[in-house]
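Observations on the model geometry
Given next are the chains, with one letter for each unit.
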Amino acid sequence: MSETTDQPVVETPQGAGKPDMIVLEGVEKIYPGSEAPAVSQLDMAIPQGEIVMLIGPSGCGKTTTLKMINRLIEPTSGRILLDGKDVTHVNGDQLRREIGYVIQQGGLFPHFSIADNIGVVPKMVGWDKQRIRERADELLHLVGLEPSVFRDRYPRQLSGGQQQRVGVARALAADPPVMLMDEPFGAIDPITRDRLQDEFLEIQRTVGKTIAFVTHDLQEAVKLGDKIAVFATGRLEQYDDPNTILTRPANDFVSDFVGGGAAVRRLSLLELSRLELHPIETDEKAVGNSNGSPVAEVDASGKPVSWRHLPGADAAGVALVTVPLSGTVYDAVDVMLDGSASLVAVVDEEGRPQGVLHWNDLVSGLRTRERDA
Amino acid sequence: MNFLDYLATNSQQIVFLTQAHFLVVLIAVGIGSAISVALGLAVSTGEPDPRRFSLDWFATGIREGGLVFTAALLTVPSLALFALFLPITGLGITTAIIVLIIYTLYTVLRNTVAGLTTVDRAVLESARGLGYGRVRRLLTIQLPLAWPVILNGIRVTTLISISIAVVGAVVQGPGLGILLLNGISRIGAANSFYQVLAGTLLCLVVAAVFEIFFAIVQRLTIPRGIRV
């Protein structure tokens, strides 16, 4: 572990250039009556506008760490800086009003209407009624709930997924620069969870908050995180971008945690959008260049229908299969096996080709990464 | 003279005693509930950390001690308690109300503590996380959510008080106990049974009025989002 106090433990290219919004300096938590620290000498910096996923087994200190950021749990020692300001000793209640907080199942107040739930923090910090009402409607819209339908309802009239959206809206209400999320999607069925995660990323693209997010789900960590912090019994084992965590685990613990031996499992964690794809051509002029890129025949709407030319192969004998860019390498492999094709065209939401993934690239790519690790 | 004749002849006295009975119970339950709810709120804590000494320990001590003490008071026979207060507060309404207040304490305190501690922890945690201070959280989140349970305690204690208030007649406390006591002491004499019957039936009427009263209070004070 790094002993420096004002640098992130691991510098990553993504973090460079952005100021650090949340900085933990030598933060330690020893619960009363317990010998071993729950979190020991933690140094961590979260750059502005990034989502950092805190992950690890139960009792690893990830939730303690999250709750020390807004001082729901008071650190035993160390310093917490928020946007450069030391908040280790400021009034905790005031501090928490400036930090969004979302917990599992939203933790909505059952006796408040949805609009009132969203308005709690603005009300506490003294916004006028009109502004609070407008803000609630705006946020309901943002999280995909029709204000006229939902604003006067009560939490028990909403499904778990809807409650969770309101929970996110409530955390965003007073426009805090920082959001803390404690397994917000943990108790939600997998299909709804997947959709909520997508919407969450969509919202984050709009609001650009600095987010610390506790999860126990590696899939979720890889999907949502700009960075992942892997914890083990109070220590930060690795703090890096998802790709590095997966492909170059820092030690045996992280390697075990991400399931280092299971190469197939890793496929489902690698999103196609995170990979460097081979170019694909749809232009007729590309024909004849035998060393060039694959060329696909497209229909009127720009969707590829068949291969016109494949470098070093007979285009007519290979079926053209596609996989959406939002899928994972696992999906791509599935499609290739299914269509007996040695390559797959990766397409965007409109079905237009974005690139090509070769069976061989995939295998050699994985092999290369294993050698790196 | 039949029962209806009896009622007609003595209607003025009967109506007066019924009103007095209602008011004595209302005052005693009102004061007793205010004390119990206030105490329950004051000593409500999170769960005190068993590994560390803090103020929460005192609150917990007062709470548990208070529950044991008021429970013990509840088991003292009402006749005895009225008699015990006689030398201190004398005959009349003061003694009657003090004793009734003592009997309301346990039920309301117990329900207040139970109501406050059973509020969903996730709700309380999110309130803390959003910057609710302790007092604000207690008054705007915990109390409204515990209110149905507390109100139920008050309702139960009211019904108990209606019957205990009858015994208050032994210290010349106002209410229907006067009819009953009078009737019982002259049992066999003219109209004595009618007196007992009237006292009993009107206690039921008082109870019915309180039930209607509580139904309205419940409707008005329980927040819409948690109404069942």
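Along each chain, the written sequence defines residue order, and numbers are assigned to residues from 1. For naming, the first written chain is A and the first written ligand is 1, with later ones following in the order written. Where totals are concerned, whole chains, interfaces and linings use all residues; where local detail is concerned, this predicted model gives features only for residues with pLDDT of at least 70, and gives and counts side-chain atom pairs only at 80 or more.

1. Topic: the overall build of chain B
Put simply, DSSP H or I for four residues or longer makes a helix, DSSP E for two residues or longer makes a strand, and each gets a number counted from the N terminus. Helix and strand counts for chain B come out as nine helices and zero strands. Each helix (α) and strand (β) of chain B, taken in turn from the N terminus, gives the series α-α-α-α-α-α-α-α-α. If you line up chain B on its principal axes, its C-alpha atoms span 70 × 40 × 20 Å. By residue count, 38% of the 228 residues in chain B fall in the buried class. Across chain B, contacts joining residues at least 24 apart in sequence account for 72% of those joining residues at least 6 apart. Neighbour counting defines burial: a residue surrounded by 20 or more other C-beta atoms within 10 Å of its own C-beta is buried, one with 12 or fewer is exposed, and intermediate counts give partly exposed, using backbone-placed C-beta atoms. Note on contacts: each residue gets a C-beta atom placed from the backbone, and two residues are in contact if those atoms are within 7 Å.

2. Concerning the confidence of the model for chain A
Residue and element names in this part refer to chain A. On average, residues of chain A carry a pLDDT of 82, and 87% of them reach 70 or more. Scored from 0 to 100, pLDDT records how confident the predictor is in each individual residue. Here helix α14 (residues 359–372) is the element of chain A with the lowest mean pLDDT, 54, and helix α3 (residues 114–118) is the one with the highest, 95. Per-residue pLDDT stays below 50 along residues 366–373; that stretch engages in seven contacts with residues further than four places along the chain or on separate chains.

3. With respect to helix α8 (residues 190–207) of chain A
Residue and element names in this part refer to chain A. Between the first and last residue of a helix there are one fewer steps than residues, each counted as 1.5 Å, and that sum is the expected span. Taking 1.5 Å per residue, 18 residues should reach 26 Å; α8 reaches 25 Å between its end C-alpha atoms and fits that length. Along α8, the residues classified as buried are Arg-193, Leu-196 and Phe-200. Projected down its long axis, α8 shows its buried positions confined to an angular sector of 60°, all on one face. Of the exposed residues in α8, the ones pointing more than 90 degrees away from its buried face are Ile-191, Leu-201, Glu-202, Arg-205 and Thr-206. Looking at the buried side of α8, the elements it contacts are α7 (160–172) and α9 (218–224). The first or second residue beyond α8 is Gly-208, which carries a positive phi of 55°. The arc in question is the one spanned by the directions pointing from the helix axis to the C-beta atoms.

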